[in-house]
Amino acid sequence: MVALVLLFAGLAALVAGSAVFLHRRRGGPTENVDGLLAEQERLAQLRALRSSYSSIAMHSTHGLTTDDLGRYHR
């Protein structure tokens, strides 16, 4: 029983540590121009996807087509 509690406590500590690490890593500023340009390009892609594939836009269509997947997922 003690081993099971220790296992769950260890898993919880691992998940919490990973969450803190990822949160701190993502919160920092971009260090160079290439990283900033990559971030801006990806954000533009996300905005396009959000507007193109919103629930309102998808309500009267058949969803993603093969052409759309090739355009957005390289």
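Now for a look at the structure at hand. (Residues numbered from 1 in each chain as written. Predicted model: local features only at pLDDT ≥ 70, side-chain atom pairs only at ≥ 80, totals over all residues. Heavy atoms only, no water.)

Focus: the overall build of the protein chain
Helix and strand content of the protein chain: four helices and zero strands. Here the protein chain holds 74 residues, and the buried ones make up 4% of them. Accessible surface for the protein chain amounts to roughly 6800 Å². Of this, 64% is attributable to carbon and sulfur atoms. (Helix = DSSP H or I, 4+ residues; strand = E, 2+ residues; numbered from the N terminus. Buried < 20%, exposed > 50% of the residue type's maximum accessible area, 1.4 Å probe, protein only. Areas by Shrake-Rupley, 256 points an atom, 1.4 Å probe, with all protein chains shown as cover.)

Some words on a nonpolar patch on the surface
A grouping of Met1, Leu4, Val5, Leu7, Phe8, Leu11 and Leu14 is seen on the molecular surface, where their side chains present a nonpolar patch of about 770 Å² in accessible area. Summarising the element assignment, Met1 is placed in the segment before helix H1 (2-27). (Patch = residues over 30% accessible without salt bridge, like charges linked within 9 Å, V, L, I, M, F, W, Y side chains within 5 Å. Salt bridge = Lys/Arg side-chain N within 4 Å of Asp/Glu carboxyl O.)

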